[in-house]
Amino acid sequence: MLCEMCGKEVPSTARARIEGSVLSLCPDCARFGQLLDPVPAAPAPGRSAGTRSNAVAGTRPPLRTRRLEERDLYTEIGEMELAPDWPKRVRLAREARAWTPEELGKKLNEKKSVVLKIEAGSFRPPDALVRKIEQLLKVRLRAEPETNPTA
Ligand SMILES: [Zn+2]
């Protein structure tokens, strides 16, 4: 092979960069340049796919059932013990006055839906509202036996 710099015939040339151009040079001339061939392009240690963690931690929100919330409402808000049939007592007392749930709601400063929930027993009114209902409808919702002034 011919050295591209000095034209000498050599068994093998080495590619070297000299002044911007890459030439095939004999070992003598190659010393003046930056050798390219003998430097084996060391492959970078494989940092390819495969090492990625596939642990997708699913964060599930705590499940709180609606039933539990309603039960909490019963036990936490209620202080006075109410008669077992207090929803029925509310409804009967209201119907005795021929009030619609809407009308009763207005008198209680509550929504009609609240009245309906109370009468359905799905909403235990706070003690203050219990007293209001009792006064308004002249009905007893509490569990303690009614002092009956039988004259
Ligand atoms: Zn040469």
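Residues numbered from 1 in each chain as written. Predicted model: local features only at pLDDT ≥ 70, side-chain atom pairs only at ≥ 80, totals over all residues. Heavy atoms only, no water.

S.K.: Help me out: how do you make sense of the coordination of the zinc ion in this one?
M.R.: As a benchmark, a tetrahedral metal site with four donors has ideal angles of 109.5 degrees, while an octahedral site with six donors has ideal angles of 90 or 180 degrees. Taken together, the protein donors to the zinc ion comprise Cys3 (SG), Cys6 (SG), Cys26 (SG) and Cys29 (SG), at separations of 2.1 to 2.3 Å. The coordination sphere of the zinc ion comprises four donor atoms, whose angles at the metal cover 104 to 113°; the geometry is tetrahedral. The sequence motif formed by the donor residues of the zinc ion is C-x2-C-x19-C-x2-C. Note on Cys3: relative accessible area 3%, which makes it buried. (Donors = N, O, S within 2.8 Å, 3.2 Å for Na, K, Ca; no water. Tetrahedral: all angles 85-135°; square planar, octahedral: opposite > 155°, others 65-115°. Buried < 20%, exposed > 50% of the residue type's maximum accessible area, 1.4 Å probe, protein only.)

S.K.: Got a minute to help me understand the environment of Glu4 in this structure?
M.R.: Along the polypeptide, Glu4 turns up in the segment before strand E1 (14–18). Residues Glu4 and Leu23, 19 residues apart in the sequence, show an inter-C-alpha distance of 6.1 Å. Discounting residues that sit within four places of it in the chain, Glu4 has contacts with Val22, Leu23, Ser24 and Leu25. (Helix = DSSP H or I, 4+ residues; strand = E, 2+ residues; numbered from the N terminus. Contact = heavy atoms within 4.5 Å.)

S.K.: What is the right way to look at the packing of aromatic side chains in this model?
M.R.: Aromatic ring pairs are described here by two measures, namely the spacing of the ring centres and the angle between the planes. In the structure shown here, the tally under the stated rule is zero aromatic pairs. Positioned above the aromatic ring of Trp99 is the side chain of Lys107, whose terminal nitrogen or guanidinium carbon lies 4.4 Å from the ring centre. (Phe/Tyr/Trp six-rings, centres within 6.5 Å; stacked < 30°, edge-to-face > 60°. Lys NZ or Arg CZ within 6 Å of the ring centre and 35° of its normal.)

S.K.: What should I look at first to understand the pairing of strand E2 (residues 21–25) in this one?
M.R.: Along any regular strand, the residues point their side chains to alternate faces of the sheet. Inspection of the sheet shows E1 paired to E2 by five bridges, in the antiparallel sense. Bridge pairing in E2 links Ala16 to Leu23. Taken together, E1 and the strand that follows it, E2, pair antiparallel across an intervening segment of two residues, in which Glu19 is found at a positive phi of about 55°. (Pairing = 2+ DSSP bridges.)

S.K.: What exactly am I supposed to notice about the pairing of E1 here?
M.R.: The two faces of E1 differ: Ala14, Ala16 and Ile18 on one face are buried, but Arg15 and Arg17 on the other face are not. One ladder, built from two bridges, connects E1 with strand E3 (residues 34–35); its direction is antiparallel. Paired with Arg17 across the bridge in E3 is Gln34.

S.K.: Is there a simple way to think about the nonpolar core in this case?
M.R.: Soluble globular proteins tend to bury their nonpolar side chains together. If you look at the biggest cluster of nonpolar residues, it comprises 18 residues, and the most contacted ones within it are Val90, Leu104, Ile118, Ile133, Leu137 and Leu141. Secondary-structure elements contributing two or more residues to this core are helix H3 (86–96), helix H4 (101–108), helix H5 (112–120) and helix H6 (127–137). Per-element accounting of this core gives the leading share, four residues, to H6. Leu141 has contacts with Leu82, Ala83, Trp86, Arg89, Val90, Val130, Ile133 and Glu134, leaving out every residue within four places of it along the chain. One finds Val10, Ala14, Ala16 and Leu25 within the second-largest nonpolar core, a separate group that totals nine residues. (Core = buried A, V, L, I, M, F, W, Y, C linked by side-chain atoms within 4.5 Å.)

S.K.: Just to check I follow, could you spell out the packing of H4 against H5 for this structure?
M.R.: Pairs of packed helices are described in terms of their axes, by the angle between the two and the distance that separates them. It is at 8 Å that the axes of H4 and H5 come closest, and there the two elements cross at 105°. With respect to H5, the element H4 is oriented roughly perpendicular. Only Lys112, Val115, Leu116 and Glu119 of H5 make contact with H4, whose side of the interface consists of Pro101, Glu102, Leu104 and Gly105. Per-class residue counts for the contact of H4 with H5 are four nonpolar, one polar and three charged. (Axes fitted to C-alpha atoms, helices over the stretch in contact; angles between N-to-C directions. Parallel < 35°, antiparallel > 145°, perpendicular 65-115°, else oblique. Nonpolar A, V, L, I, M, F, W, Y, C, P; charged D, E, K, R; others polar.)

S.K.: Before we go on, may I ask you to explain the sheet that holds E3 in this structure?
M.R.: Hydrogen bonds between backbone atoms are what pair the strands of a sheet, whose relative direction is either parallel or antiparallel. Read across the sheet, three strands follow the order E2-E1-E3 without closing on themselves; strand pairing throughout is antiparallel. Of all the strands in the sheet, the pair left with one neighbour each is E2 and E3.

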